[in-house]
Amino acid sequence: MKLSLNFVKDYIDLDEKLSVEEIAEAMTKSGNEYDTAEKLVNATNLVIGEVKECEMHPDSDHLHLCKVDIGSEVLNIVCGAPNVRKGLKVIVAKVGAELPGDFKIKTGMIRGQESNGMLCALYEIGIDKKFLSEEDKNGIHELPQEAPVGEDPIKYMGLNDEVIDFELTANRGDLLSILGMAYELGAIYNKDVKPVKTSYEEKGEDLNKEFSVGIETENCKLFLAKKAKNVSLKESPDFIKNRLIASGIRPINNVVDISNYVMLELGQPLHFYDADNLGNKIVVRMANKNEKLTTLDNTERILSEEDIVITDGNKSIGLAGVMGGLDTEVEETTKNVIIESAIFDSVKVRKTSNKILRSEASNRFEKGLDPARTYMAMERACTLLEKYADAQIQTGIVKYDTTKNQEKEIEIEYKFINDVLGTNISKEDILQVFKNLSFEIQDKGISALVTVPTRRIDISIKEDLVEEVGRIYGVDNIQGKLPVVPMKMGSLDKTTRKIRAKLSNLGLNETLSYILINDKDIHKFTVDDFEEVKLLDPITEERNTLRYSMIPSLYKIYEYNKSRENKDVCLFEIGKGFWKKGEEYGENQKICVLMTGKYYEGIGHSKNVDFYDIKGIAEELLDYLGYENRYSFVIPKQMPVEFHPGQTAEISVNNDIVGIVGKIHPSIENEPVYVMEINLDKLLAKRVGKMKFKEISKFPVVRKDLALLVNKDMTSKEVEMLIKRKAGKLLLDINVFDVYEGKNIDETKRSIAYSLTFGANDRTLSDDEINEIMNRVIEELAKGGIELRK
């Protein structure tokens, strides 16, 4: 929102000593950030001059030698503009002048002729070309003959304005108007806001007898129509044009400019129809599928059933809240105008504007409108059309209104305000804030009954009033103090914090990734049945869907590192996955691990990551969480295609699948990349008993290695179960340390080497005991078709 200080001063008397920067900073302190604060025309040392003589340059076919009277002296200036001539009043940049673009005027010689200044076009002093007529684009600006020589041309033309460009928050739609800005400045500087002038004469028969409005959709809550007859299309007065330019809108003609002027002034978009091309009625409805409409920019639009359209009862003549239709455009031949002032559904307008065109009008509809301003804007438009377009305003107004235009009453205790803000603001200061905001108040002793005007649609609860007190009283005026409360470690995320610390201790690095991914990746690394949750309005198509699995997110991070020659990546993330099943939406907390390259197990010790490393991470984590001896790794019944079928397992806890661990399929990634994902919500829902601790044995352990020939269709887990069954309680640990297939090994078999650790808490095991156990184990394995490798 661009705020013209000349414009807002129509409604509030600001101290002339206040600079534009001071006003912008004061607005920022009240919660309204600005981007720029500067003069509309940022040029210096300009003066009005009169061309006394104008001759062709002897050495050029387009340059002119001019003698220009600037009041204090006559200057020799060389000018190349095609429209320069004797008697013309012009803008003169004297020697020493600074123009936009860091352009300084100096005395110089142009093809042998001295030039002591410059005759300026409007774009050369900082007015954007898009606001200018063709004459001003192609030559220097021609001032009226009554322009006083020697005076400041910027002040004479009314361009001595200052503009603040605000970045407003989405809830402050009331500030998308000069009047709304006036109320905000009035609250900051304790100034009264002047009323809007609306006064015109109605003539003729009641419009309701010859014109009707029909509403066939609930997406139009309010629609007003009036008729202005015998309008005269001409150039707008300078003050209207200048304020439109300062606000970033191109002047067109007086009728169109008045609709834009009122929108800027009151925040209510208007639309003017050529009444003679419209007919005798307007019908508002939802568009038909693939309905066509040619808009004002002469573009044929294909509409959907989500678009609100204005029709003449037969065909569409406008897109509600976005753009009018070409058939009813106000043209130079227009004599009679139907004025529309309406409120349309903000969500529908936003969706349509995103497809068609974002505009000043659609921006205001999207933020929400005050019904009182809808009526006021109609009155204001009629006033200006009568005054500046010689219009005759027909008697009567055609209206459709289902709005409940009621002011909100909120009772709030003074103590509640101070408790929330952590302040000790007096009752008198709180009441003064509400008065400055032009809120009606009734003091009830310990509380106040506040009547919120309809223009502040962002205020509906007590906390909104607390915010108003805080920002208008001034955050800088609130004395800071440290909270005095008992502090203790929270328990909300206690388990996830422990998991985070455990994985960090295991040598993994924590990362945070985007929860948004591309919809093409949503069903990767999973076979679960769900519907993707897509964004209605994604910032980029690369991130248009909420993720289900976290593996695609971590894999993107791996790819980023790999492309930068960092191939040793060991990451984990605790985050959320999202899903939809029918009408049900849900989310799960998950933990995801990705490992590849070198895994650093300690200072100076590293190894290449393999399946058993990431499986070991899973085991360490599950043991740490209390699930020891309750989990197993099983072959997936349905393998996700992104996983290596020979190096992937599902994680089962209490015979319930809670996660997956494995290697990414070589068709996707040539390098050995291993991933693990566990559904923490599902895992932690399985209760664990109290942790039991065992005394560390003071007796030595005995380690034995066992190399076995195993059928390829048999898993290592099955072999381990056979070994544990016969080894008994004296077997403390079992680990695979080698797997071999190839030369000297039957094609149907593989060699798996195990390291067995035996021990007891009450004695040192003898060789006889160990040998007896090993013999029992070998006999049991032989029954299962497993033999020792020789």
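Please refer to the structure higher up on the page.
Residues numbered from 1 in each chain as written. Predicted model: local features only at pLDDT ≥ 70, side-chain atom pairs only at ≥ 80, totals over all residues. Heavy atoms only, no water.

K.L.:
Teacher, can you tell me more about the pattern of salt bridges here?
P.N.:
Note that side chains of opposite charge can pair when their charged atoms are close. By the definition in use, this model includes 53 salt bridges. As a salt-bridge pair, Asp-10 and Arg-243 come within 2.3 Å of each other at their nearest N and O atoms. On the criterion of sequence distance, the pair formed by Asp-10 in the loop between helix H1 (5–8) and helix H2 (20–29) and Arg-243 in helix H6 (residues 238–246) is long-range, its members being 233 residues apart. Here Arg-301 and Asp-297 are joined by a salt bridge, their closest N and O atoms 2.5 Å apart. (Salt bridge = Lys/Arg side-chain N within 4 Å of Asp/Glu carboxyl O. Helix = DSSP H or I, 4+ residues; strand = E, 2+ residues; numbered from the N terminus.)

K.L.:
I tried to follow the packing of aromatic side chains on my own but got confused; where do I start?
P.N.:
In this description, a pair of aromatic rings is defined by centroid distance and the angle of the planes. What the rule picks out here adds up to 10 aromatic pairs. Ring geometry for Phe-7 versus Tyr-261: centroids 4.7 Å apart, planes at 25 degrees, classification stacked. Taken together, the residues Phe-7 in helix H1 and Tyr-261 in helix H7 (residues 254–266) connect sequence positions 254 residues apart. Assessed through its relative accessible area of 0%, Phe-7 is described here as buried. Among the residues examined, Tyr-261 registers a relative accessible area of 1% and is labelled buried. Taking the centre distance of 6.4 Å and the plane angle of 20 degrees together, the rings of Phe-434 and Phe-439 count as stacked. Both residues of the pair, Phe-434 and Phe-439, belong to the buried class. The structure contains a cluster of three or more aromatic residues connected by ring pairs, namely Phe-7, Phe-239, Tyr-261 and Tyr-388. One Lys or Arg, Lys-590, reaches over the ring of Tyr-548 and ends 4.0 Å from the middle of that ring. (Phe/Tyr/Trp six-rings, centres within 6.5 Å; stacked < 30°, edge-to-face > 60°. Buried < 20%, exposed > 50% of the residue type's maximum accessible area, 1.4 Å probe, protein only. Lys NZ or Arg CZ within 6 Å of the ring centre and 35° of its normal.)

K.L.:
Looking at this structure, I do not really get the side chain of Arg-301. What am I missing?
P.N.:
Looking at where Arg-301 falls in the secondary structure, it is placed in strand E19 (residues 300–302). Overall, the relative accessible area of 14% leaves Arg-301 in the buried class. Engagement of the side chain of Arg-301 in a polar contact is seen with the side chain of Asp-297, the distance being 2.5 Å. Setting aside residues up to four positions removed in sequence, Arg-301 forms contacts with Glu-291, Lys-292, Leu-293, Thr-295, Met-323 and Ile-356. (Polar contact = N/O pair within 3.5 Å; in protein donor to acceptor, adjacent residues only side chain to side chain. Contact = heavy atoms within 4.5 Å.)

K.L.:
Help me understand the sheet that holds strand E28 (residues 447–452), please; the structure alone is not making it clear to me.
P.N.:
Sheet strands pair via backbone hydrogen bonds, and the direction of the pair is either parallel or antiparallel. Across the sheet, which stays open at both edges, the 3 strands sit in the order E26-E28-E27 with antiparallel pairing between neighbours. Each edge of the open sheet is held by one strand with a lone partner, namely strand E26 (408–413) and strand E27 (440–443). The average angle at which neighbouring strand axes cross in this sheet is 20 degrees, direction not considered. The pairing of E27 with E28 spans 4 bridges and is classified as antiparallel. By the bridge assignment for E28, Ile-441 is matched with Val-450. Those strands touched by helix H12 (residues 414–421) are E26, E27 and E28, and its axis lies near 75 degrees from that of E26. Against the sheet, helix H14 (residues 462–473) contacts E26 and E28, and its axis sits at roughly 70 degrees relative to E26. (Pairing = 2+ DSSP bridges. Axes fitted to C-alpha atoms, helices over the stretch in contact; angles between N-to-C directions.)

K.L.:
I'm lost on the sheet that holds strand E20 (residues 308–311) in this one. Help?
P.N.:
Pairing within the open sheet is mixed, and its 5 strands lie in the order E14-E17-E20-E21-E22. In this open sheet, the two strands that pair with only one neighbour each are strand E14 (212–215) and strand E22 (323–324). Note: strand E21 (residues 316–319) against E22, 2 bridges, orientation antiparallel. Each bridged residue has a counterpart across the sheet, and for Gly-318 the counterpart in E22 is Gly-324.

K.L.:
When you look at the nonpolar core in this model, what are you seeing that I'm missing?
P.N.:
Considering soluble globular proteins, one finds that nonpolar side chains tend to be buried as a cluster. Counting residues in hydrophobic clusters, the biggest one holds 86 residues, and the most contacted among them are Val-8, Phe-223, Phe-272 and Phe-344. Every residue in contact with Phe-344, bar those within four places of it in the chain, is listed here: Asn-219, Cys-220, Phe-223, Val-284, Ile-308, Ile-310, Ala-320, Gly-321, Val-349 and Phe-365. (Core = buried A, V, L, I, M, F, W, Y, C linked by side-chain atoms within 4.5 Å.)

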